[in-house]
Amino acid sequence: DCINASSQNEFYIVVFSIPLVSQVELYLVILLIYLMAVLGNLTIIFLVCLVPKLHTPMYFFLCNLAILDVASTSTSIPKMLTIILTQDHRISFSCCMAQIFFFIFFAEGEAFMLTSMAYDRYAAICKPLQYYTIMRKNVYIVITISCWLFSALNSLLHTLLSSVLQFCHSYEINNFFCDLNTIIALSSTDTTSRKFFLFFEVAVFSIVQFILIIISYIFIFSTIMKIRFSAGRMKAFSSCTSHLITVILFHAPIIILYMKPESEDSKEQDKFLSMLYLVVVPMLNPLVYSLRNKDVWEAVVTLI
């Protein structure tokens with residue numbers, strides 16, 4: 001029978017098609033990375049909130065990025081870990097739609113926040129004298145609210161469109177969470193327009209944002225090379241390379257996953273690519289933004 005997302009039926013999440021012993025090992029690895037991601041990002045949030053020295057546009061964006069990291073990784077990873085532990089692969093349609101909504105909401109929010117951070121670094125390094133005029137408090141707050149609001153509206157649109165899809169032949173999601181691509185491929189409804197819309201959106205948002213960030217860094221590195229003192233150059237490079245690493249690790253898997261043709265042969269590789277931006281990037285963000293950052297270490301010392 002054909003059913004839609006408003007019915008009480010369930011999907012079946014495959015997770016990983018590997019032996020049970022390997023799944024236990026994978027469970028422990030992912031659990032460790034997930035806990036590191038959550039604890040690391042919560043530390044960044046508390047530091048930015050509690051230490052006045054970090055009340056600047058750069059750390060305001062970083063705090064929002066940390067919130068998005070915790071939220072995005074918590075949307076899918078706890079459910080996946082529960083499935084591996086209990087071997088209960090079922091998920092209701094309503095929970096699946098909720099997972100789609102929050103996954104798109106937080107993932108898009110993170111993409112917009114990374115672009116905002118690139119603009120902030122551009123203003124700080126290329127326009128240092130006008131920086132505090134350009135990045136006034138009301139400006140960076142409006143930018144941040146816009147990131148959250150636009151992500152929420154776009155996520156709601158995708159969720160509503162997904163909720164009216166019909167499913168006749170299969171309810172088996174060959175992934176570790178309710179991924180929009182997988183749900184569209186699973187539907188028995190004609191989804192040509194949906195696939196085109198998703199392809200167009202990834203092309204416009206992800207690729208355009210990635211190109212804008214790269215262009216901003218061309219200007220940034222050009223300005224850095226003009227700095228006469230090596231200590232000044234190193235400080236500027238340090239604050240920018242960490243952000244650039246995060247951008248590449250976040251955007252590259254998304255562009256590959258959503259722009260390439262669907263293929264059953266690459267499903268396992270696709271899952272690990274998703275794992276990269278859902279678990280690994282949130283874990284790395286606190287590390288790349290704090291290990292070489294004197295302000296963060298001073299904030300830790302201040303609190304202690």
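For clarity, every value in this text was computed on a predicted model and none was experimentally measured.

Scoring rules and cut-offs
- Residues numbered from 1 in each chain as written.
- Predicted model: local features only at pLDDT ≥ 70, side-chain atom pairs only at ≥ 80, totals over all residues.
- Heavy atoms only, no water.
- Helix = DSSP H or I, 4+ residues; strand = E, 2+ residues; numbered from the N terminus.
- Rg over C-alpha atoms; globule rule 2.2 N^0.38 Å.
- Buried < 20%, exposed > 50% of the residue type's maximum accessible area, 1.4 Å probe, protein only.
- Patch = residues over 30% accessible without salt bridge, like charges linked within 9 Å, V, L, I, M, F, W, Y side chains within 5 Å.
- Areas by Shrake-Rupley, 256 points an atom, 1.4 Å probe, with all protein chains shown as cover.
- Salt bridge = Lys/Arg side-chain N within 4 Å of Asp/Glu carboxyl O.
- Disulfide = S-S within 2.5 Å.
- 1 Å grid on protein atoms, 1.4 Å probe; cavity = no way out; pocket = protein on both sides within 12 Å on 5 of 7 lines; lining within 4 Å.
- Points joined across faces, edges and corners; volume = space filled by probe spheres on them.
- Nonpolar A, V, L, I, M, F, W, Y, C, P; charged D, E, K, R; others polar.
- Expected span 1.5 Å × (residues − 1).
- Contact = heavy atoms within 4.5 Å.
- Axes fitted to C-alpha atoms, helices over the stretch in contact; angles between N-to-C directions.
- Parallel < 35°, antiparallel > 145°, perpendicular 65-115°, else oblique.
- Left-handed = near helix turned anticlockwise from the far one by under 90°.

Concerning the overall build of the protein chain
On a plain count of helices and strands, the protein chain comes out with 10 helices and 5 strands. Here the C-alpha radius of gyration of the protein chain, 21 Å, is about what a compact globule of 304 residues would show, namely 19 Å. Taken along the three principal axes of its C-alpha coordinates, the protein chain extends 70 × 40 × 35 Å. Taking all 304 residues of the protein chain together, the buried fraction comes to 49%.

With respect to a nonpolar patch on the surface
Side chains of F196, F200, V204, V208 and L212 sit close together on the surface and give an oily, nonpolar patch of about 470 Å² of accessible area. Judged by relative accessible area, which is 46%, F200 ranks as partly exposed.

As for the state of the cysteines
The full count for this structure, using the stated rule, is 1 disulfide. Each sulfur of the disulfide joining C96 and C178 lies 2.0 Å from the other. Residues C96 and C178 share a disulfide whose torsion about the S-S bond is about -125°; that sign makes it left-handed. Of this pair, C96 sits in helix α3 (residues 93-126) while C178 sits in the loop between β5 (172-173) and α6 (180-186), placing them 82 residues apart in sequence. The exposure classification of C96 matches that of C178, with both residues buried. With no disulfide of its own, C63 lies 4.4 Å from the sulfur of C49, the closest cysteine sulfur. Here C95 stays unpaired: no disulfide links it, and the sulfur of C178, its closest cysteine neighbor, is 8.7 Å away.

Things to note about empty space enclosed by the protein
Taken as a whole, this structure holds 4 cavities of 30 Å³ or more when the rule is applied. In this structure, the largest cavity spans a volume of roughly 280 Å³. A107, E108, E201, V202 and I254 are the residues nearest the centre of the largest cavity, which is lined by 19 residues in total. Listing elements by their share of the lining of the largest cavity, those giving two or more residues are α3, α7 (192-224) and α8 (230-259). Residues belonging to the lining of the largest cavity are distributed by class as follows: 13 nonpolar, 4 polar and 2 charged. Volume-wise, the second largest cavity comes out at about 120 Å³.

Focus: helix α5 (residues 137-163)
With 27 residues, α5 should reach 39 Å at 1.5 Å per residue; the first-to-last C-alpha distance of 39 Å fits that figure. Structurally, α5 contributes buried residues whose contacts are with α2 (57-86), α3, α6 and α7.

Topic: the packing of α3 against α5
Viewed as axis vectors pointing N to C, α3 and α5 meet at an angle of 150°, and their least axial separation amounts to 8 Å. By the criterion of interaxial angle, the relationship of α3 to α5 is roughly antiparallel. In the packing of α3 onto α5, the handedness of the crossing is right-handed. Its residues assigned to classes, the contact of α3 with α5 comprises 15 nonpolar, 10 polar and 1 charged.

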